[in-house]
Amino acid sequence: MKKKRKRNDDLEIVYEDKWLIVADKPSGLLTMSTGKPGEDTAYSRIYDYAGKIFIIHRLDRDTSGLIVFAKDQETKLSLQENWNEAVLERKYTALLEGWPEDEDGWIESWLFENRKSMKVHCYALAAGDDPSRPPRKDWQYASTHCRTLERTESAEGRFTLVEFELETGRKNQIRAHSAWIGHPIAGDRKYGAVSNPIGRLALHAGTLSFIHPWTGKTLKFTSQAPKLTGTPSL
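A quick note: this is a predicted structure, and the numbers were derived from the prediction, not measured.

**Student:** How would you sum up the pattern of salt bridges? Please name residues and give values.
**Tutor:** On inspection of all chains with the given rule, the structure shows twelve salt bridges. With its nearest N and O atoms 3.9 Å apart, the salt bridge here joins glutamate 163 to lysine 91. Residue glutamate 163 is found in strand β9 (residues 157–166), and its partner lysine 91 is found in strand β5 (residues 87–97); the two are separated by 72 residues along the sequence. Classification of glutamate 163 as buried rests on a relative accessible area of 17%. For arginine 115, the salt bridge is made with glutamate 113, and the minimal N-O distance between the two is 3.2 Å. Assessed through its relative accessible area of 16%, glutamate 113 is described here as buried. Via salt bridges that share partners, Glu89, Lys91, Arg147, Glu163 and Lys220 belong to a single interconnected network.

Printed below as a string of structure tokens:
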């Protein structure tokens, strides 16, 4: 039996049909359990509401924004197996430390995750490297477009509000790329940030557009990043 969602639940369901659920996840909430009994996650909350569901993709615990779940195994497999073709747009907003020189451009690298530290490292592409043929089997090609929205300066330092659009969707891709160019996301101590002006990782998944696996229609969702008084807003 489905349970009603609590009124004070800060996870919002923004779209639902008989195949899919799109939710707006708050910062600080895991997408799925790490194995600890009774863990509060986006998955567990939506399961309580809708019954059996399947995760399509994940957001880091401290990243807020749009996330998709399937209601059946066939829908999950259809979306996951064709994710790169189905997704038309994925945009994030982030508050970076400092003022990057480039207003608009691409960041591309090889990514490697250290299994011990759980941290993703960037390595530059060499001349002639083919994105489809990584020089090492455990490296992944990652490409991110970035666009400066606003530069601010306060007593806490200089910050830049940036819009990121993913060409690839790797683990910690935006966080690793931001740190790699010398401007980590505010609040991201794992990747070298020294400031925390909004009291959380300043990264929000704000736009998601994809082709519905069964209807063929293009679905587009936007989520307004939270504004915080007295600080640069996401």
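Next comes the rest of the account.
**Student:** Before we move on, can you summarise unusual backbone geometry with the specific residues and values?
**Tutor:** One non-glycine residue, methionine 118, lies in the positive phi region at around 60 degrees. With a relative accessible area of 38%, methionine 118 lands in the partly exposed category. The phi torsion at asparagine 172 lies on the positive side, around 60 degrees, for a residue other than glycine. Looking at the secondary structure, you find asparagine 172 in the loop between β9 and α4 (173–180).

**Student:** With reference to specific residues and values, describe the packing of aromatic side chains.
**Tutor:** If you walk through the whole model with that rule in mind, you get five aromatic pairs. On the numbers, 6.0 Å between centres and 75 degrees between planes, the contact of tryptophan 110 with tyrosine 141 is edge-to-face. Of this pair, tryptophan 110 sits in strand β6 (residues 104–114) while tyrosine 141 is found in strand β8 (residues 140–154), placing the two residues 31 residues apart along the sequence. Taking relative accessible area as the criterion, tryptophan 110 reaches 0% and is therefore assigned buried. Cluster of aromatic residues (ring-pair linked, three or more members): Tyr15, Phe210 and Phe221. Its guanidinium or amino end placed over the ring of tryptophan 99, arginine 158 lies 3.9 Å from that ring's centre, counting from NZ or CZ.

**Student:** Provide a residue-level description of the nonpolar core, including the pertinent values.
**Tutor:** The biggest cluster of nonpolar side chains holds 32 residues, and the ones touching the most others in it are Ile46, Phe69, Tyr92, Phe164, Ile174, Ile185 and Leu203. For this core, the secondary-structure elements that each account for two or more residues are β2 (20–25), α1 (42–50), β4 (64–70), β5, β9 and β10 (203–211). Broken down by element, this core gets its largest block of residues, five residues, from β9. Core analysis: the second largest hydrophobic core is formed by 15 residues, Val22, Leu66, Ala70 and Leu208 among them.

**Student:** I'd like to hear about the state of the cysteines, residue by residue, with values.
**Tutor:** Enumeration over the complete set of coordinates arrives at zero disulfides. You can see cysteine 122 has no disulfide; the closest cysteine sulfur is in cysteine 146, sitting 13 Å from it. You can call cysteine 122 buried: its relative accessible area is 14%.

The rules we used
Here, residues in each chain are numbered from 1, in the same order as that chain's written sequence. In keeping with the predicted nature of the model, local features appear solely for residues at pLDDT of at least 70, side-chain atom pairs appear and are counted solely at 80 or more, and the whole-chain, interface and lining totals rest on all residues. Side-chain figures throughout are based on the complete set of non-hydrogen atoms in the structure, without hydrogens or water. One speaks of a salt bridge when a side-chain nitrogen belonging to Lys or Arg is within 4 Å of a carboxyl oxygen belonging to Asp or Glu. The secondary structure listing takes helices from DSSP runs of H or I that are at least 4 residues long and strands from runs of E that are at least 2 residues long, numbered from the N terminus. A 1.4 Å probe rolled over the protein chains alone gives each residue an accessible area, and that area as a share of the maximum for its type sets the label: buried under 20%, exposed over 50%, partly exposed in between. Within 6.5 Å between ring centres, the rings of Phe, Tyr and Trp (the latter by its six-membered ring) count as paired, and their orientation is classed by plane angle as stacked under 30 degrees, edge-to-face over 60, tilted in between. Here, a charge over a ring means that NZ of Lys or CZ of Arg falls within 6 Å of the ring centre while also lying within 35 degrees of the ring normal. Nonpolar cores are built from buried Ala, Val, Leu, Ile, Met, Phe, Trp, Tyr and Cys residues. Side-chain atoms within 4.5 Å join them into one set. In what follows, a disulfide is any cysteine sulfur pair within 2.5 Å.

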